[in-house]
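Residue-level listing of the chains:
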Amino acid sequence: MTVATSTEKLGFQWPVILFMAAIHVGALFALLPGNFSWAAVGLAVLFHWITGGLGITLGWHRLVTHRSFQTPKWLEYFFVFCGALACEGGVIEWVGLHRNHHLHSDKVQDQHNSHKGFWWSHMGWMLHQVPAKKDVERLTRDINQDPVYRFLDQYFLPIQIALGVIFYLLGGWPFVVWGIFVRLVLVYHCTWFVNSATHQFGYRTHDSDDASTNCWWVALLTYGEGWHNNHHAYPHSARHGLQWWEFDLTWVTIWLLSKLGLAKRLRLAEA
């Protein structure tokens, strides 16, 4: 199959472009004095962790994409639901695209190939019809027939709208502006830094066959995902921060779950 190598050959994803524009414009309403409250800020911080930390980092990435540990099915579905609240697209497509990234990291087939520049790897790729999406079904055979996964993959946007209604009933527009729009923008860019910044900045501990790096500030923003060179060297490890100074909050959470008997068969980097 011939893979397009330039953005000129790829059509635009206009629904994604318009959606991203709307979310970012919505976040700007946080600058209005009437939309600020410390309770709203606290809500945004809490749901940043629930959706970006428990959902995307722990759930969609380490648990589902790489199967670096196992949990009871009800708990797996809970983490996948938290990820759906991050509104980063459907879980099946997300997992398939990330698995494709590891198969072809920084190669032509990698949808966010960092050699095409920071903007492209950060978010530009999402605004185009990348060929990698054609391989999603093949790469997600373990989850794409599961009715829970299929529901969350298809209805993540109505679920987000329902969450916005709940926030409005609890705290009015400040809760909506901060809990939905600001929080989504922050979770988005923190997640995207793993595709962009951790293939541009930082240090390399392992000779992985790509440009991945360990970047401390991305690790802080993403609950441990910034130790990306470690991750590419040991993709199936539940622990990404391998040195004592490489703080990995998600690994701490997984370790605590294991002590509670809720996480088993933890896979770690080779000695």
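Sequence positions are assigned chain by chain, starting from 1 and proceeding in written order. Confidence filtering applies because this is a predicted model: local features only for residues at pLDDT of at least 70, side-chain atom pairs given and counted only at 80 or more, and all residues used for totals across whole chains, interfaces and linings. Side-chain metrics rest on all non-hydrogen atoms present in the structure, leaving aside hydrogens and water.

The protein chain is annotated in an unreviewed UniProt entry as Acyl-CoA desaturase from Lyngbya confervoides BDU141951. UniProt positions are given in the numbering used here, feature names are shortened, and annotations may be inferred rather than shown by experiment. UniProt, in the comment section headed Subcellular location (unreviewed entry), describes the protein chain in these words: "Membrane". Turning to the protein chain, the UniProt annotation filed under Sequence similarities (unreviewed entry) states: "Belongs to the fatty acid desaturase type 2 family."

**Student:** Where do I start with the layout of surface pockets in this structure?
**Tutor:** The probe, sized like a water molecule, is rolled over the atoms to show the empty space still left. A cavity, in this analysis, means grid points on a 1 Å lattice covering only the protein atoms where a 1.4 Å probe fits yet has no way out; a pocket is instead an open set bounded by protein on both sides within 12 Å along at least five of seven lines, and a residue lines either one if it has an atom within 4 Å of a point. Grid points are joined across faces, edges and corners, and a volume is the space filled by probe spheres set on the points. One number sums up the size of the largest pocket: a volume of about 750 Å³. Contributing to the lining of the largest pocket are 36 residues, with Glu88, Gly89, Trp94, Trp125 and Met126 lying nearest its centre. Breaking the lining of the largest pocket down by element, the ones donating at least two residues are helix 1 (14-28), helix 2 (38-65), helix 4 (91-103) and helix 8 (156-195). Gly counts as polar in this scheme, as do all residues outside two lists: the nonpolar Ala, Val, Leu, Ile, Met, Phe, Trp, Tyr, Cys and Pro, and the charged Asp, Glu, Lys and Arg. A per-class count over the lining of the largest pocket returns 19 nonpolar, 13 polar and four charged. Secondary structure counts use DSSP, requiring at least four H or I residues in a row for a helix and at least two E residues in a row for a strand, with both numbered from the N terminus.

**Student:** In this structure, what is going on with a nonpolar patch on the surface? I would like to understand it.
**Tutor:** For patches, a residue must show more than 30% relative accessible area and have no salt bridge; joins then use 9 Å for like charges and 5 Å for nonpolar side chains, namely Val, Leu, Ile, Met, Phe, Trp and Tyr. The Shrake-Rupley method, run with a 1.4 Å probe sphere, supplies the accessible areas, and residue values consider only the shown protein chains as cover. A side-chain nitrogen of Lys or Arg and a carboxyl oxygen of Asp or Glu constitute a salt bridge if their distance falls within 4 Å. Together, Leu157, Ile161, Val165, Tyr168, Leu169 and Trp173 make up a nonpolar patch on the protein surface, roughly 650 Å² of accessible area in all. Structurally, leucine 157 is set in helix 8. A simple rule labels every residue: compare its accessible area, found with a 1.4 Å probe on the protein chains alone, to the largest value its type can have, and call it buried under 20%, exposed over 50%, or partly exposed in between. Here leucine 157 falls in the partly exposed class, since its relative accessible area comes to 37%.

**Student:** Can you help me understand the packing of helix 4 against helix 7 (residues 147-154) in this one?
**Tutor:** Two quantities define a packed helix pair, namely the angle between the helix axes and the distance between the axes. The axes used here are C-alpha line fits, helices contributing only the stretch in contact, and every angle between their N-to-C directions lies in the interval 0 to 180 degrees. Contact geometry for helix 4 and helix 7: axes closest at 7 Å, N-to-C directions at 95 degrees. Put simply, helix 4 runs roughly perpendicular to helix 7. Judged by residue contacts, Val91, Ile92 and Glu93 of helix 4 engage Tyr149, Arg150 and Asp153 from helix 7. Its residues assigned to classes, the contact of helix 4 with helix 7 comprises three nonpolar, no polar and three charged. Any angle from 65 to 115 degrees is called roughly perpendicular, while one under 35 is roughly parallel, one over 145 is roughly antiparallel, and all others are oblique. Whether two residues are in contact is decided by their heavy atoms, any of which lying within 4.5 Å being enough.

**Student:** Explanation requested: the pattern of salt bridges in the structure shown.
**Tutor:** Two side chains carrying opposite charge are able to pair once their charged atoms lie near each other. Evaluation of the coordinates by the stated rule reveals eight salt bridges. Between glutamate 76 and arginine 67 there is a salt bridge; the shortest N-O distance is 3.2 Å. Taking the relative accessible area as the measure of exposure, glutamate 76 reaches 4% and is therefore buried. With relative accessibility at 27%, the residue arginine 67 sits in the partly exposed group. In this structure, lysine 133 engages glutamate 93 in a salt bridge whose closest nitrogen and oxygen atoms are separated by 3.8 Å. Residue lysine 133 is found in the loop between helix 5 (118-122) and helix 6 (136-139), and its partner glutamate 93 is found in helix 4; the two are separated by 40 residues along the sequence. Overall, the relative accessible area of 27% leaves lysine 133 in the partly exposed class. Residue glutamate 93 is classed as partly exposed on the basis of its relative accessible area of 33%. Each of the salt bridges in this network shares a partner with another, and the network as a whole consists of Arg62, Glu225 and Asp248.

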